[in-house]
Amino acid sequence: MTNADVARAFDEIADLLEIKGEDSFRVNSYRRVARSVADLAGEITQVAQRGELATLAGVGKASAEKIQELLTTGRIVLREELAREVPISLLELRNIPGLGPKKIAVLWKERGITSLDDLKQAIADGKLAGLKGFAEKSIQYIRDGLEFLARVAGRTRLGVAWQVAELCRENVKQIPGVSRVEHAGSLRRGQETVGDLDLLCVGTDGAAVIDAFTTQPGVTRVLAKGDTKGSVLLEYRSGREIQVDLRVVPSASFGAAWQYFTGSKAHNVRLREMAQQRGWTLNEYALSEVEGGKVIAAETEPDIYAALGLPCFPPELREDRGEFELQKIPKDLLTLKHIRGDLHMHTTASDGHNSAEEMALAAKALGYEYICVTDHSQSSAIANGLKPDRLKQHIEDVRRVAKRVSGITIWIGAEVDILGDGQLDYGDELLAELDWVVASVHTGQGKDIDKNTARTLAAIRNPYVNVIAHPTGRLINRRDAMQLDIETIALEAAATGTALEINASTYRLDLKDQHARLAHQRGARICIDCDAHSTDQFDQMRFGVVTARRAGLRAGAVLNTHSAEDIRAFVAAKRSKLAQRKR
Ligand code: DGT
Ligand code: CA
Ligand code: CA
Ligand code: ZN
């Protein structure tokens with residue numbers, strides 16, 4: 001059981017208590033336990049083994065016993081008692097933006113709503129009219145939320161899917177006779193969400209491989225099972241499942257199968273047309289002649305593409321979004337190896353879980369040449385944002401760490417809120433003391449594209465702002481992007497010497513692939529950052545890189561593939577240029 005599992009159980013208890021109408025003191029005590037466990041750097045199971053549960057912040061004797069209960073029995077009796085009083089399906093409603101336990105309680109008690117379907121029906125029937133706390137505007141907001149949930153249903157974020165796929169791949173590798181296992185499908189193409197996982201393997205005994213695959217830990221349902229193909233639902237977290245398809249293919253036609261099942265469908269359709277023009281067919285077995293069936297290519301992907309006179313497209317570019325019109329694939333398409341530092345991260349000074357020194361040492365261990373510490377600014381109160389005097393102290397602290405830690409350049413910056421009017425959350429004088437400034441919108445994203453765009457443009461024009469972080473503010477599967485004129489933003493970013501971020505957090509991937517492509521085409525520099533809140537989140541960089549590859553970005557187009565001196569020059573150039581303009 002992971003820390004996240006335990007935290008989720010306590011959050012659920014808190015929600016159920018709150019829906020039931022318990023006093024906020026009791027509710028909050030469970031929330032505090034959830035937060036404390038979620039924030040834990042070590043493993044909760046080990047804390048329990050050492051008998052130290054009650055030493056955690058917010059965890060008293062009673063809570064410690066409940067954690068222990070969960071770890072040993074897999075359940076908490078209190079949760080089950082609550083589930084008898086409060087319909088558990090009410091918890092689904094929490095996924096709708098703007099619906100918290102208090103409002104959910106009203107829907108349940110006043111209108112008898114117990115599920116998402118009930119809620120949809122009630123809205124359609126106009127049954128929420130006149131309900132306290134549900135003005136027409138907030139009903140519309142719920143309607144939007146329901147529509148959004150329906151749109152994203154059944155797709156899993158890339159970051160989660162990746163972990164499950166790697167686990168599955170390890171499992172399949174262990175099966176006797178299996179000599180090779182590869183990912184295919186949308187996961188291999190690095191799509192931001194994944195419908196199902198597609199795995200291919202080479203094995204001596206197909207039926208035995210599929211047998212082992214369909215009985216691996218976590219399988220909740222076997223959808224298909226044969227000699228060469230198996231399909232299962234795998235539970236990767238309590239209540240969350242993903243479909244996984246495995247195909248066993250002969251080594252001699254592995255390339256054809258891998259190409260076919262990597263897709264995308266649109267890419268494959270174009271490829272098949274090209275084959276047909278030459279009197280050939282292309283399927284998951286081979287590229288072969290229509291007449292007589294002579295095999296032209298089958299063993300490797302490069303063989304197949306070469307036979308059609310094409311380069312072997314990196315999987316991220318196989319979307320039929322212009323790849324066939326490329327003269328050649330850039331040799332220096334971005335890879336993880338090109339990345340030399342990370343310029344957006346949080347520490348314990350605001351809402352991160354590690355100190356600046358710990359972050360720096362972790363970055364150094366990755367081989368990075370530089371980092372910038374960018375904690376939240378004062379308006380982000382929930383994120384423990386820094387008031388000016390705390391920021392000044394923080395600047396000194398981080399500079400001291402920078403002196404102490406050798407072998408990596410450590411800069412001090414800030415993630416500064418862009419306020420409603422486009423002003424920044426710190427004055428220019430304070431910003432001038434920072435090495436690098438990340439600016440971002442965290443609140444008040446409206447529906448008016450012109451207003452949103454103007455707000456971001458104002459930030460871009462500030463001489464001290466070096467990058468706009470997560471420009472559209474979307475949260476994958478949870479919140480839509482704010483409407484933004486990316487083209488105008490990119491043009492202004494290019495003109496002022498401001499970078500636009502691909503935030504590599506798998507919750508965000510913002511800018512997304514198509515926006516990053518457009519921004520790059522309009523001349524904006526791209527910066528890829530993890531927005532890490534702990535040392536282990538640096539590994540999300542891979543997903544930012546994949547997104548950049550889908551945008552067709554070469555290494556040089558990405559700011560943090562350049563040297564520390566280049567970054568300093570980038571900052572200096574904007575400051576001097578805009579300072580001159582002001583004079
Ligand atoms: P997903 O799972 O919705 O995220 O997207 P994909 O791309 O992984 O799609 P999936 O799992 O249905 O199929 C995997 C690949 O297999 C797909 O990208 C291309 C290939 N494929 C599947 N069905 C067809 C088809 O009817 N025609 C062609 N040409 N290729 C197909
Ligand atoms: Ca798939
Ligand atoms: Ca599939
Ligand atoms: Zn951040």
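Residues numbered from 1 in each chain as written. Chains lettered and ligands numbered in written order. Predicted model: local features only at pLDDT ≥ 70, side-chain atom pairs only at ≥ 80, totals over all residues. Heavy atoms only, no water.

(A) Molecular detail of the coordination of the calcium ion (ligand 3). Here the calcium ion (ligand 3) is held by the protein donor atoms Asp 196 (OD), Asp 196 (OD), Asp 198 (OD) and Asp 245 (OD), which lie 2.3 to 2.7 Å from it. Read N to C, the donor residues that coordinate the calcium ion (ligand 3) are spaced as D-x1-D-x46-D. Residue Asp 196 is classed as partly exposed on the basis of its relative accessible area, which comes to 21%. A relative accessible area of 13% places Asp 198 in the buried class. (Donors = N, O, S within 2.8 Å, 3.2 Å for Na, K, Ca; no water. Buried < 20%, exposed > 50% of the residue type's maximum accessible area, 1.4 Å probe, protein only.)

(B) Highlighting empty space enclosed by the protein. Counting across every chain of the model gives two cavities of 30 Å³ or more. Size it by volume and the largest cavity reaches roughly 40 Å³. Lining the largest cavity are Gly 190, Gln 191, Glu 192, Arg 474, Leu 509, Lys 512, Asp 513, Thr 547 and Arg 550. Within the lining of the largest cavity, the residues separate by chemical class into one nonpolar, three polar and five charged. One number sums up the size of the second largest cavity: a volume of about 30 Å³. Elements that contribute at least two residues to the lining of the second largest cavity include exactly helix H12 (254-262) and helix H13 (265-277). (1 Å grid on protein atoms, 1.4 Å probe; cavity = no way out; pocket = protein on both sides within 12 Å on 5 of 7 lines; lining within 4 Å. Points joined across faces, edges and corners; volume = space filled by probe spheres on them. Nonpolar A, V, L, I, M, F, W, Y, C, P; charged D, E, K, R; others polar. Helix = DSSP H or I, 4+ residues; strand = E, 2+ residues; numbered from the N terminus.)

(C) Geometry of the coordination of the calcium ion (ligand 2). At the metal site, the calcium ion (ligand 2) is ligated by Asp 196 (O), Asp 196 (OD) and Asp 198 (OD), and these contacts range over 2.2 to 2.6 Å. Between the calcium ion (ligand 2) and the calcium ion (ligand 3) the interatomic distance comes to 3.7 Å, and Asp 196 is a ligand of both metals.

(D) Focus on the site of ligand 1. Taken together, 16 residues lie around ligand 1, and Arg 155, Ser 186, Gly 195, Asp 196 and Arg 272 are the ones closest in. In this structure, an oxygen atom belonging to ligand 1 sits 2.8 Å away from a main-chain N or O atom of Gly 195. Calculation on ligand 1 without its partners gives an accessible area of 590 Å², and the protein chains cover 73% of this total. Contributing elements (two or more residues each) for the shell around ligand 1: helix H10 (185-189), strand S4 (196-203), H12 and H13. Grouping the amino acids of the shell around ligand 1 by side-chain chemistry returns three nonpolar, seven polar and six charged. A domain split of the shell around ligand 1 shows at least three residues from each of domain 2 (156-248) and domain 3 (253-325). (Near = heavy atom within 4 Å. Polar contact = N/O pair within 3.5 Å; in protein donor to acceptor, adjacent residues only side chain to side chain. Areas by Shrake-Rupley, 256 points an atom, 1.4 Å probe, with all protein chains shown as cover. Domains from an automatic or database assignment.)

(E) Looking closely at the pairing of strand S6 (residues 229-237). Sheet topology places strand S5 (residues 219-225) next to S6; five bridges connect them, and they run antiparallel. Bridging across to S6, Lys 225 finds its partner in Gly 230. From the end of S5 to the start of S6, which pair antiparallel, there are three residues. With eight bridges connecting them, S6 and strand S7 (residues 240-248) associate as antiparallel partners. Among the inter-strand pairings, Val 232 is bridged to a residue of S7, identified as Val 244. Hairpin connection between S6 and S7: a loop of two residues separates the two successive antiparallel strands, and Gly 239 in this loop has a positive phi of roughly 85°. (Pairing = 2+ DSSP bridges.)

(F) Seen up close, the nonpolar core. Ranked by size, the top nonpolar core spans 63 residues in total, and within it Leu 500 and Ile 528 carry the most contacts. Sorting elements by how many residues they give to this core places helix H15 (residues 356-365) first, with five residues. Sequence-distant contacts of Ile 528, defined by excluding residues within four places in its chain, comprise Leu 334, Ile 339, Ile 502, Ala 504, Met 541, Gly 544, Val 545, Ala 548, Val 558 and Asn 560. One finds Leu 17, Leu 56, Ile 104 and Ala 105 within the second-largest nonpolar core, a separate group that totals 49 residues. (Core = buried A, V, L, I, M, F, W, Y, C linked by side-chain atoms within 4.5 Å. Contact = heavy atoms within 4.5 Å.)

(G) Representation of the sheet that holds S7 within the structure. Taking strand neighbours across the sheet as the criterion, the five strands line up as S2-S4-S7-S6-S5 in an open arrangement whose pairing is mixed. Single-partner strands in this sheet number two, and they are strand S2 (178-184) and S5. Looking at each pair of strands side by side, their axes are set apart by 25° on average, direction ignored. Against the sheet, helix H9 (residues 158-173) contacts S2, S4, S6 and S7, and its axis sits at roughly 165° relative to S2. (Axes fitted to C-alpha atoms, helices over the stretch in contact; angles between N-to-C directions.)

(H) Seen up close, the environment of Phe 148. Looking at where Phe 148 falls in the secondary structure, it is placed in helix H8 (residues 136-152). Linking Phe 148 and Ile 96, residues 52 residues apart in sequence, is a C-alpha distance of 8.6 Å.

(I) Structural view of the packing of aromatic side chains. Using the criterion set out here, one finds nine aromatic pairs in the structure. Relative to Phe 543, the ring of Trp 162 lies with its centre 6.2 Å away and its plane at 85°, an arrangement referred to as edge-to-face. Taken together, the residues Trp 162 in helix H9 and Phe 543 in helix H21 (residues 541-550) connect sequence positions 381 residues apart. Phe 543 sits in the buried class, given a relative accessible area of 7%. Measuring from ring centre to ring centre gives 5.5 Å for Tyr 305 and Phe 313, while their planes differ by 85°; the resulting arrangement is edge-to-face. Phe 313 carries the same exposure label as Tyr 305, and that label is buried. Among the aromatic side chains, those forming a connected cluster through ring pairs are Tyr 305, Phe 313 and Phe 324. Residue placement shows Arg 180 over the ring face of Trp 258; its charged tip is 5.2 Å from the ring centre. (Phe/Tyr/Trp six-rings, centres within 6.5 Å; stacked < 30°, edge-to-face > 60°. Lys NZ or Arg CZ within 6 Å of the ring centre and 35° of its normal.)

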